[in-house]
Amino acid sequence: PMRISEDVRRDITRYFDAVEADEAAAQAQLAGTHAVARLEERLCTLYGMRHALCVSSASTGLLGVALALNLDGEEFITTPYTYGATVAGWMLLGARPVFADVDPETLTLDPEAVGDAVTENTKAILAVDIFGNPCDSQALRTIAERYGLWYVADAAQSFGARRDGISASRHAHAIVLSFTAGKALFAGEGGAILTDDDDLYERLVWHTQHPLRQRRDVRLSLDNELAPVNGRIHPLAAVWANATFDEALREVSRRRSRYMCVVDLLNDIGMTGPIRFQEEGIESSFFRITAAWNVDNGQTEASGLVEELRRRGVSARVEEPPAGLVYRLAAFRAQFPQYVPSTPPPVAERQATHRIAIRTRDVPSKRTGDDHAPVSCEAVGDD
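Worth saying up front: this structure is predicted, and the values here are computed from it rather than measured. What you see as residue numbers is a count from 1 along each chain, following the sequence as written. The predicted nature of this model means local features are confined to residues of pLDDT at least 70 and side-chain atom pairs, given and counted, to a pLDDT of 80 or more, with totals for whole chains, interfaces and linings taken over all residues. To obtain the side-chain values, all non-hydrogen atoms of the structure were included, while hydrogens and water were left out.

Participant: Where do I start with the packing of helix H3 (residues 35–47) against helix H10 (residues 235–269) in this structure?
Facilitator: Where H3 contacts H10, the axes come no closer than 8 Å and their chain directions differ by 30 degrees. One element, H3, and the other, H10, form an angle in the roughly parallel class. For the crossing formed where H3 meets H10, the hand is left-handed. Residue-level contacts link Ala35, Val36, Arg38, Leu39, Arg42, Leu43 and Leu46 of H3 to Ala238, Val239, Ala241, Asn242, Phe245, Asp246 and Leu249 of H10. Broken down by class, the residue content of the contact of H3 with H10 amounts to 10 nonpolar, 1 polar and 3 charged. Note on definitions: angles span 0 to 180 degrees between N-to-C directions of axes, and those axes are lines fitted to C-alpha atoms, for helices only across the stretch in contact. Helix numbers and strand numbers start at the N terminus; a helix is a DSSP run of H or I with at least 4 residues, a strand a run of E with at least 2. When describing relative orientation, an angle under 35 degrees is termed roughly parallel and one over 145 degrees roughly antiparallel, while 65 to 115 degrees is termed roughly perpendicular and anything else oblique. Less than a right angle of anticlockwise turn of the near helix away from the far helix marks a crossing as left-handed, whereas a clockwise turn marks it as right-handed. Contacts are residue-level and defined by heavy atoms, with any inter-residue pair within 4.5 Å sufficient. When residue character is reported, Ala, Val, Leu, Ile, Met, Phe, Trp, Tyr, Cys and Pro are called nonpolar, Asp, Glu, Lys and Arg charged, and the others, Gly included, polar.

Participant: Can you walk me through the nonpolar core in this structure?
Facilitator: The nonpolar side chains of soluble globular proteins are, as a tendency, buried together. Leu39, Leu43, Tyr151, Leu177 and Phe179 are the most contacted members of the largest nonpolar core, which totals 46 residues. Among all residues touching Tyr151, those that are not within four sequence positions of it are Ile125, Ala127, Cys135, Ser137, Leu140, Arg141, Ala144, Ser169, His171, Ala172, His173 and Ala174. Nine residue types can take part in a nonpolar core, namely buried Ala, Val, Leu, Ile, Met, Phe, Trp, Tyr and Cys, and a core is a set of them joined through side-chain atoms within 4.5 Å. Using a 1.4 Å probe on the protein chains alone, a residue whose accessible area is under 20% of its type maximum counts as buried, one over 50% counts as exposed, and one in between counts as partly exposed. If you look at the next biggest cluster of nonpolar residues, it comprises 41 residues, including Leu62, Ala66, Ala124 and Leu325.

Participant: Looking at this structure, how should I read the sheet that holds strand S7 (residues 162–163)?
Facilitator: In a beta sheet, neighbouring strands pair by backbone hydrogen bonds and run either parallel or antiparallel. The pairing criterion is simple: DSSP has to find at least two bridges between the two strands. In spatial order, the strands read S8-S7-S11; together these 3 strands make up an open sheet with antiparallel pairing. Single-partner strands in this sheet number two, and they are strand S8 (166–167) and strand S11 (282–283). As defined by bridge partners, S7 adjoins S11 across 2 bridges and the pair is classed as antiparallel. Across the sheet, Arg162 pairs through a bridge with Glu283, a residue of S11.

Participant: Hey, could you run me through the packing of aromatic side chains in this one?
Facilitator: Here the distance between the centres and the angle between the planes together describe a pair of aromatic rings. Two rings from Phe, Tyr or Trp (for Trp, the six-membered ring) form a pair when their centres sit within 6.5 Å of each other. Planes less than 30 degrees apart are called stacked, planes more than 60 degrees apart edge-to-face, and all others tilted. The full count for this structure, using the stated rule, is 10 aromatic pairs. Seen in terms of ring centroids, Tyr259 and Phe286 are 5.6 Å apart; in terms of plane orientation they differ by 40 degrees. Their pairing is tilted. Of this pair, Tyr259 sits in helix H10 while Phe286 is found in the loop between S11 and strand S12 (290–292), placing the two residues 27 residues apart along the sequence. Assessed through its relative accessible area of 1%, Tyr259 is described here as buried. When its relative accessible area of 2% is taken as the criterion, Phe286 is described as buried. Taken together, a centroid distance of 6.4 Å and an interplanar angle of 35 degrees make the contact between Phe336 and Tyr339 tilted. Three or more aromatic residues joined by ring pairs form one cluster here, namely Phe99, Tyr327, Phe332, Phe336 and Tyr339.

Participant: Help me understand the pattern of salt bridges, please; the structure alone is not making it clear to me.
Facilitator: Two side chains with opposite charge may pair up if their charged atoms get near one another. Think of a salt bridge as a Lys or Arg side-chain nitrogen and an Asp or Glu carboxyl oxygen that are within 4 Å of each other. Applying the stated criterion across every chain yields a total of 28 salt bridges. Between Glu251 and Arg254 there is a salt bridge, and its shortest N-O distance comes to 3.0 Å. One end of the pair, Glu251, and the other, Arg254, are both in helix H10, 3 residues apart, so they sit about a helical turn from each other. On the accessibility criterion, Arg254 (32% relative accessible area) is partly exposed. Connected through shared salt-bridge partners, Glu247, Arg250, Glu251, Arg254 and Arg258 make up one network.

Participant: For this particular structure, what's the right way to read the sheet that holds strand S1 (residues 51–55)?
Facilitator: The sheet built from 7 strands is open, its strands ordered S1-S10-S9-S6-S5-S2-S4 with mixed pairing. Among the strands making up the open sheet, the edge pair consists of S1 and strand S4 (96–99). Taking each pair of neighbouring strands and ignoring which way they run, the sheet shows an average axis angle of 25 degrees. Inspection of the sheet shows strand S5 (residues 122–128) paired to strand S6 (residues 150–154) by 5 bridges, in the parallel sense. Counted as the bridge partner of Ala124 is Trp150 from S6. Of the strands in this sheet, S1, strand S9 (174–178) and strand S10 (191–195) are in contact with H3, which crosses S1 at around 130 degrees.

Don't take any of this as a statement about function, it's just geometry.
Below is the structure:
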């Protein structure tokens, strides 16, 4: 069961006391001040970006970006390996997805495949840090600059992740975060959009925020009461996120340390493909730890892998990953059959067939001279 920390309880109580004492405090969230502004400042500092805009959810954030970039009916390149909400808002506006292939290790967009998929009709790239694995953000930005495209990152699962020492998806024109259930920074619900682009930021405010915030942040003399999305974050979610921000980052670091030990074990066992995160400068947030079978008989191999991990001091179970190929979803095929690729991306297809998620729940002992001794780890568990 989830436990609400005393810090969260204290700060929420303070918020209610302030609202009772001063009506202006209740209006603050409309203008994006107080707790909302503090959270946005912390996000800007963490990601090293000029602007952060807190929103009601990552889905709302992605829709807001599509509105701000005028993607109605436009073509965009994206990954097939993601949760459906990644593309839902864009496709609601009539934007047309083109699915490029993925990197077999991280499952994130393969920059070379993205470059091959660009046409004269392409307007944007929509990448995803799936399972907390950061994209090759620098390479994707280089492609975006080469072809004059917008590069947007769904970083809902990668809060606290880094690649080459830089926050996940830092090079995107717009990064979208999530603070909902299961995410590293949990605030009940909520999200944020980060960008260095001043004009894009103003358009995001114009399309998703209350006129009080528009007056403060947008260089126009009129209010947009017709903003199509009421995208403000709930003020209590901002209070909650501020109270747990630092601890969330510390927990990501602890989780990464534990799961990198499991990665070492998987690489030692050799039943799954190599995971070279350390060599490639990838610091995943490990929203899930996943791997791909080296062979096709996964059902037979699952019990063997569980046993090999047990012999190394880790109690684990193998299960289906919580996301797969979006164009295989029944809802996608029913609503958008025209966008199901006639020639599916081969690496993504194989990964969807061979990819597993691994849940662990106990404490490996320290390495000894035994060939099957575990890596020296702290407690490993997510049950």
